[in-house]
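Now for the letters of each chain:
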Amino acid sequence: MLLNRKGNKHRRPSKAVRVATLAGVAGAAVAVPLMGATNASAASVATWDAVAQCESGGNWSINTGNGYYGGLQFSQSSWAAAGGTQYAPRADLATKAQQIATAEKLLDMQGPGAWSCAGAGNLANDGVDPGVDTGSGAAKQEAAPKQEAAPKKAERTEAPATNRSDRSDAPKKTVTTPTGKKVAKGDGEYKVVAGDTLSRIAADHHVKGGWGQLFKLNKDIVQDADLIYPGQQLHLTK
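A few points on the structure. These numbers were taken from a predicted model, which means no experiment stands behind them.

1. A word on the overall build of the protein
Phase 1 of the analysis: The helix and strand inventory of the protein stands at six helices and eight strands.
Phase 2 of the analysis: Ordered by position from N to C terminus, the α and β elements of the protein give β-β-α-β-β-α-α-α-β-β-β-α-α-β.
Phase 3 of the analysis: The buried share among the 238 residues of the protein stands at 34%.
Phase 4 of the analysis: Long-range pairs, those at least 24 residues apart, make up 57% of the contacts in the protein between residues at least 6 apart in sequence.
Phase 5 of the analysis: As presented, the protein carries roughly 15100 Å² of accessible surface, and 52% of it is formed by carbon and sulfur atoms.

Structure representation (structure tokens):
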């Protein structure tokens, strides 16, 4: 159990007694260690467990109403002086890890003599970091490595399929006149031969409306009713 200078625990006082007095102004806690503070004091969790077993029977949440709290029996002034109030108002309300972390600071401030049960756990400034997690701050989660998106495969664009007749006729959409001029070929059912005229074709194939109707049916091919060329293909009906 932590010792105070009044000795009201009826234990043999230690040479190194922890004193924490409350200042009269604003009720601020002021720690006044009576022995030289050591540097980088630390003890293992097993050592603190042994001290707690002696101090409180290993009950880290004990509060018997005697003015000492938690597994390591902090007085309220000692708890505040060592910074324990950042975790909980009293030691018995803090976790075991938080009590050990606070005890480490008190050990650094005043040495093992601050506990009457220091000998039970061979408490000493052995430099062993207990490595406790007080849970006082949110652990930073290491960001998962960002996976680069796989390069998007170029989409294949296929030309629209064309039927065989379109492919075979593609280079022959025009015909060449005797003068070397290219004119529309057309895709009708009758193919013009040398000597043909619209009137002859209309008569031979009984086109209703005669050559005039034949001209209308093929006005997108024949620009002049008197001029048709071998190789052009004319429609005979709608």
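2. Some remarks on the packing of aromatic side chains
Phase 1 of the analysis: Considering all chains together, one arrives at two aromatic pairs under this definition.
Phase 2 of the analysis: Each ring, one from Phe74 and one from Trp79, has its centre 5.1 Å from the other, and the planes form 70°; the classification is edge-to-face. Here Phe74 matches Trp79 in class, with each residue buried.

3. Remarks on the nonpolar core
Phase 1 of the analysis: Formed by 22 residues in total, the largest nonpolar core has its most connected members in Trp48, Leu72, Phe74, Trp115 and Leu123.
Phase 2 of the analysis: Those elements giving two or more residues to this core turn out to be helix H1 (45-56) and helix H3 (96-110).
Phase 3 of the analysis: The dominant element in this core, judged by the number of residues it contributes, is H3, at four residues.
Phase 4 of the analysis: Excluding its chain neighbours within four sequence positions, the residues that come into contact with Leu123 are Ala43, Thr47, Trp48, Val51, Leu107, Pro112, Trp115 and Ala118.
Phase 5 of the analysis: The next biggest cluster of nonpolar side chains, apart from the first, holds twelve residues, and it includes Tyr190, Leu214, Val222 and Ile228.

4. Observations concerning the environment of Gln76
Phase 1 of the analysis: Along the polypeptide, Gln76 turns up in helix H2 (residues 76-81).
Phase 2 of the analysis: The spatial distance from the C-alpha of Gln76 to the C-alpha of Arg90 is 6.5 Å, given a sequence separation of 14 residues.

5. Quick word on the environment of Asp220
Phase 1 of the analysis: Mapping Asp220 onto the fold places it in the loop between helix H6 (210-217) and strand E8 (233-234).
Phase 2 of the analysis: Its relative accessible area of 57% is what places Asp220 among the exposed residues.
Phase 3 of the analysis: Note: C-alpha distance between Asp220 and Ala184 (36 residues apart in sequence) is 8.2 Å.

6. A word on the state of the cysteines
Where two cysteines share a covalent bond between their sulfur atoms, that bond is called a disulfide.
Phase 1 of the analysis: The tally for this structure, following the rule as stated, stands at one disulfide.
Phase 2 of the analysis: Linked covalently through their sulfurs, Cys54 and Cys117 form a disulfide whose S-S length is 2.1 Å. Sign of the S-S torsion, about -60° for the bond between Cys54 and Cys117, identifies this disulfide as left-handed. Residue Cys54 is located in helix H1, and its partner Cys117 is located in the loop between H3 and helix H4 (164-169); the two are separated by 63 residues in the primary sequence.
Phase 3 of the analysis: By relative accessible area, Cys54 is classed as partly exposed at 36%.
Phase 4 of the analysis: Cys117 gets classed as buried once you look at its relative accessible area, which sits at 5%.

Cut-offs and rules
Residues numbered from 1 in each chain as written. Predicted model: local features only at pLDDT ≥ 70, side-chain atom pairs only at ≥ 80, totals over all residues. Heavy atoms only, no water. Helix = DSSP H or I, 4+ residues; strand = E, 2+ residues; numbered from the N terminus. Buried < 20%, exposed > 50% of the residue type's maximum accessible area, 1.4 Å probe, protein only. Contact = heavy atoms within 4.5 Å. Areas by Shrake-Rupley, 256 points an atom, 1.4 Å probe, with all protein chains shown as cover. Phe/Tyr/Trp six-rings, centres within 6.5 Å; stacked < 30°, edge-to-face > 60°. Core = buried A, V, L, I, M, F, W, Y, C linked by side-chain atoms within 4.5 Å. Disulfide = S-S within 2.5 Å.

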